Amino acid sequence: MYDSTIKKFFDDKNKHMELEVQRIAGKDEWDPSDNHQTIWSDFKTQFIELAQKQAKIVVPKLTKQIAILEAKIDNISNDPQISKDEQSLSIAALKEALVTLAERKYSNARSTAQANFVIQGETISKYWSNLNKNKKK
């Protein structure tokens, strides 16, 4: 995992959920407000909130890095003091870094869409309804 905050959340919640499941397994009767499903639901809710908060933080950093690289490319290409060979080498290196950042950006968008589908794809919700609508032509 790339995000240390989410990794720490999983580590902490994993230990907490194991203790809760063991505690509930020791009970003789089922309690509608304290069972495995409510523990899972609470975990999912907390994870979704954290993931949304982290997504708002992480994505702008990536976009900012892309903008900085594009500005450096523009500065180098418009600088008359740098020789053509140096310009082409520097621009090639920066464009390579730009491509890797763009790939990371689109990979993040793809994994976000996949996570959204995993979380909401099998329950009847607005997301599910919109996903399964026939496309108008």
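Here, every reference points to the structure presented above.
The rules behind the values
- Residues numbered from 1 in each chain as written.
- Predicted model: local features only at pLDDT ≥ 70, side-chain atom pairs only at ≥ 80, totals over all residues.
- Heavy atoms only, no water.
- Helix = DSSP H or I, 4+ residues; strand = E, 2+ residues; numbered from the N terminus.
- Expected span 1.5 Å × (residues − 1).
- Buried < 20%, exposed > 50% of the residue type's maximum accessible area, 1.4 Å probe, protein only.
- Phe/Tyr/Trp six-rings, centres within 6.5 Å; stacked < 30°, edge-to-face > 60°.
- Patch = residues over 30% accessible without salt bridge, like charges linked within 9 Å, V, L, I, M, F, W, Y side chains within 5 Å.
- Areas by Shrake-Rupley, 256 points an atom, 1.4 Å probe, with all protein chains shown as cover.
- Salt bridge = Lys/Arg side-chain N within 4 Å of Asp/Glu carboxyl O.

Q: For this particular structure, what's the right way to read helix α3 (residues 84-120)?
A: At 3.6 residues per turn, the α-helix brings residues three or four places apart onto the same side. With 37 residues, α3 should cover 54 Å at 1.5 Å per step; its first-to-last C-alpha distance of 53 Å lies within 8% of that length. Listed in full, the buried residues belonging to α3 are Gln87, Ile91, Leu94, Leu98 and Leu101.

Q: Where do I start with the packing of aromatic side chains in this structure?
A: Geometry of an aromatic ring pair is reported as the spacing of the ring centres plus the angle between the planes. Per the counting criterion, the structure on display carries seven aromatic pairs. With a centroid separation of 6.3 Å and an interplanar angle of 10°, the aromatic rings of Phe43 and Phe47 are classed as stacked. Of this pair, Phe43 and Phe47 are both found in helix α2 (residues 36-78), four residues apart, which corresponds to roughly one turn of the helix. Each residue in the set Phe9, Phe10, Trp40, Phe43 and Phe47 is aromatic and connected to the rest through ring pairs, giving one cluster.

Q: Could you clarify how one ought to interpret a nonpolar patch on the surface in this entry?
A: Nonpolar side chains collect at one region of the surface, where Phe117, Val118 and Leu131 lie side by side and expose about 290 Å² of accessible area between them. Inspection of the secondary structure assignment puts Leu131 in helix α4 (residues 126-131).

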